[in-house]
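Structural description and commentary
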Amino acid sequence: MRANDTITLICYALSLICIIYITAAMHIYFRKKYREGVVGIGLVLGMLMFTAYALERLVGFVIRFGKVQGWTGYSFRLLQDWGWTIGVIGTTVTLCALAILVQGRDLGLFLERPGKKKGARR
């Protein structure tokens, strides 16, 4: 294994650990806000983008790890070609949707849960 492979795998692993931590923290915050009856649009859009990025990063890690381990064969080649392509498409579509949705919108807006009265507390 070359030095650049080691560094890349460490960076991928570190970013995956951070992704898991951030996703857990965002989930806890989302559930809290959902129980209160309002969720910020910015949070929802950010979570959507982050999920697509996390999946792309995971595919990148598996591909790099497979190359270092010497994986070969049709399945690995298919993962390299189409796994990465699908991950990039997902991230790109999500970024385009995010760009369209935030254009001229106030991300301080909130989605209110039906049946909840504004200002009502449990």
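Just so it is clear, the model here is predicted, and its values are computed rather than measured.

The final tally for this structure, using the stated rule, is five aromatic pairs. Judged by centre distance (6.2 Å) and plane angle (15°), the ring pair of Phe61 and Phe65 falls under stacked. Of this pair, Phe61 and Phe65 both sit in helix H2 (residues 41-69), four residues apart, which is roughly one turn of that helix. For Phe61, a relative accessible area of 22% puts it in the partly exposed group. Residue Phe65 is classed as partly exposed on the basis of its relative accessible area, which comes to 31%. Centre to centre, the rings of Phe65 and Trp71 are 5.8 Å apart; their planes meet at 80°, and the pair counts as edge-to-face.

The next thing to look at is the pattern of salt bridges. For the coordinates displayed, the defined rule picks out three salt bridges. Notably, a salt bridge pairs Asp5 with Arg64, separated by 3.0 Å at the nearest N-O pair. Of the two residues, Asp5 is situated in helix H1 (residues 3-36) and Arg64 in helix H2; the sequence distance between them amounts to 59 residues. The class of Asp5 is buried, set by a relative accessible area of 11%. The shortest N-O distance in the salt bridge between Glu36 and Lys33 comes to 3.4 Å. A residue pair is termed a helical-turn pair when its members lie 3 or 4 positions apart in one helix, as Glu36 and Lys33 do in helix H1 at three residues. Owing to a relative accessible area of 39%, Glu36 belongs among the partly exposed residues under this scheme.

We now examine H1. Along its 34 residues, H1 runs 49 Å from first to last C-alpha, staying within 8% of the 50 Å computed at 1.5 Å per residue. Along H1, the residues classified as buried are Asp5, Leu9, Tyr12, Ser15, Leu16, Ile19, Met26 and Lys33. In the core, the buried residues of H1 are packed alongside strand E1 (38-40) and H2. Immediately beyond the C-terminal end of H1, within one or two residues, lies Gly37, with a positive phi of roughly 105°.

Cut-offs used in this document
Residues numbered from 1 in each chain as written. Predicted model: local features only at pLDDT ≥ 70, side-chain atom pairs only at ≥ 80, totals over all residues. Heavy atoms only, no water. Phe/Tyr/Trp six-rings, centres within 6.5 Å; stacked < 30°, edge-to-face > 60°. Helix = DSSP H or I, 4+ residues; strand = E, 2+ residues; numbered from the N terminus. Buried < 20%, exposed > 50% of the residue type's maximum accessible area, 1.4 Å probe, protein only. Salt bridge = Lys/Arg side-chain N within 4 Å of Asp/Glu carboxyl O. Expected span 1.5 Å × (residues − 1). Contact = heavy atoms within 4.5 Å.

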